[in-house]
Amino acid sequence: MPIHQITIGTHEELRQPGALKAALAEFISTLIFVFAGQGSGMAFNKLTSDSSNTPAGLVAAAVAHAFGLFVAVSVSANISGGHVNPAVTFGAFIGGNITFFRGILYVIAQLLGSTVACFLLKFATGGLSTGAFALCSGLSVWNALVFEIVMTFGLVYTVYATAIDPKKGDLSVIAPIAIGFIVGANILAGGPFDGASMNPAVSFGPALVSWTWTHQWVYWAGPIIGAGLAGVVYELFFINHSHEQAPSTEY
């Protein structure tokens, strides 16, 4: 069972140069991703007189996030594994592919990266709002929770299939683009309803900078549940640790 693979590690990891370098890579890659993704929405608002809730705005957001995540994962894959998302880190932890203490470092770095990106955007745009994630009119928190669970399940399942599975072979070469594509596709599907976060760091940064915390818990609970389910399902049904060595978190 995947639960047997979970590793806590030791607090000594918090001071290890390799772990600190990996955390720095997660900080930088998350900053790159959020700056590109969040910035694209702000730019579209600027160019279209604050009318980003249009089909064109949705496509622009999907493309910007897909390209941004492709780059962010690619530049950090050989250093930290290119998680760029606390939910991905949690999914990897559930499958025993990263220790608890190293995971904590990653999550802190990801949250800081998102926050710094949003502060930089606010400063660079002359004080424009970064805009927090929000539910569309008529959508309940439970509807949004299901959206986030399913979309994040798809994302982390893709990460497992293309990056973590020890049988991935040459498939790992396309892992960053596959991960970027599934995020872009999910934004097209869920964006009009709850913004399609799939990433607690992506929702945390804008919420902190704009100090708007409405329904913030949905953007944490949904991705964490979806990621955990994906980790359990893939590890339990598709990875046989009795015959194969546990994979590294690096792509």
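Residues numbered from 1 in each chain as written. Predicted model: local features only at pLDDT ≥ 70, side-chain atom pairs only at ≥ 80, totals over all residues. Heavy atoms only, no water.

Caption draft 1: Summary view of the overall build of the chain. Within the chain, the regular secondary structure consists of 8 helices and 0 strands. For the chain, the spread of C-alpha atoms along the three principal axes comes to 60 × 35 × 30 Å. When burial is assessed residue by residue, the chain has 49% of its 251 residues classed as buried. Excluding contacts between residues fewer than 6 apart, the proportion of contacts in the chain whose partners are at least 24 apart in sequence is 81%. Surface accessibility of the chain: about 11300 Å² in total, with carbon and sulfur atoms responsible for 71%. With 7 positive and 11 negative side-chain charges, the chain shows a spacing of 9 Å between the two charge centroids. (Helix = DSSP H or I, 4+ residues; strand = E, 2+ residues; numbered from the N terminus. Buried < 20%, exposed > 50% of the residue type's maximum accessible area, 1.4 Å probe, protein only. Contact = heavy atoms within 4.5 Å. Areas by Shrake-Rupley, 256 points an atom, 1.4 Å probe, with all protein chains shown as cover. Lys, Arg positive; Asp, Glu negative; His and termini not counted. Charge placed at Lys NZ, Arg CZ, Asp CG, Glu CD.)

Caption draft 2: Highlighting the packing of aromatic side chains. Evaluated as defined, the whole model comprises 14 aromatic pairs. Summarising the aromatic geometry, the rings of W142 and W217 are spaced 5.7 Å apart at their centres and angled 65° between planes, so their arrangement reads as edge-to-face. Linking W142 in helix α5 (residues 141–164) with W217 in the loop between α7 (200–210) and α8 (218–238), this pair joins segments that are 75 residues apart in sequence. For W142, a relative accessible area of 55% gives the class exposed. Residue classification places W217 among the partly exposed residues on the basis of a relative accessible area of 40%. (Phe/Tyr/Trp six-rings, centres within 6.5 Å; stacked < 30°, edge-to-face > 60°.)

Caption draft 3: Structural view of the side chain of Q110. Tracing the sequence through the fold places Q110 in helix α4 (residues 100–124). By relative accessible area, Q110 is classed as buried at 0%. Those residues within four positions of Q110 in sequence are excluded, and the remaining contacts are E26, T30, H83, V84, N85, P86, T89 and A201.

Caption draft 4: The arrangement of the confidence of the model for the chain in detail. Per-residue confidence for the chain gives a mean pLDDT of 89; residues scoring 70 or more make up 92%. Within the model, pLDDT remains below 50 along residues 242–251, and this stretch shows 26 contacts once partners closer than five positions in the same chain are excluded. (pLDDT = per-residue confidence, 0-100.)

Caption draft 5: View of the pattern of salt bridges. All chains considered together, the criterion is met by 2 salt bridges. In this structure, the salt-bridge partner of E12 is R15, at a minimum N-O distance of 2.7 Å. Taking the relative accessible area as the measure of exposure, E12 reaches 37% and is therefore partly exposed. (Salt bridge = Lys/Arg side-chain N within 4 Å of Asp/Glu carboxyl O.)

Caption draft 6: Highlighting unusual backbone geometry. For V84, which is not a glycine, the phi torsion comes out positive at approximately 55°. Mapped onto the secondary structure, V84 falls in the loop between α2 (55–76) and α3 (86–94).

Caption draft 7: Focus on the nonpolar core. Counting residues in each nonpolar core, the largest one holds 44 residues, and the members touching the most others are F33, L69, L155, V159 and M198. When residues of this core are traced back to their parent elements, those giving at least two are α1 (17–47), α2, α3, α4, α5, α6 (175–194), α7 and α8. The element that contributes the greatest number of residues to this core is α5, accounting for 9 residues. Filtering out sequence-adjacent residues up to four positions away, M198 remains in contact with N85, A87, E148, M151, T152, L155, V183, N186, I187 and P223. (Core = buried A, V, L, I, M, F, W, Y, C linked by side-chain atoms within 4.5 Å.)

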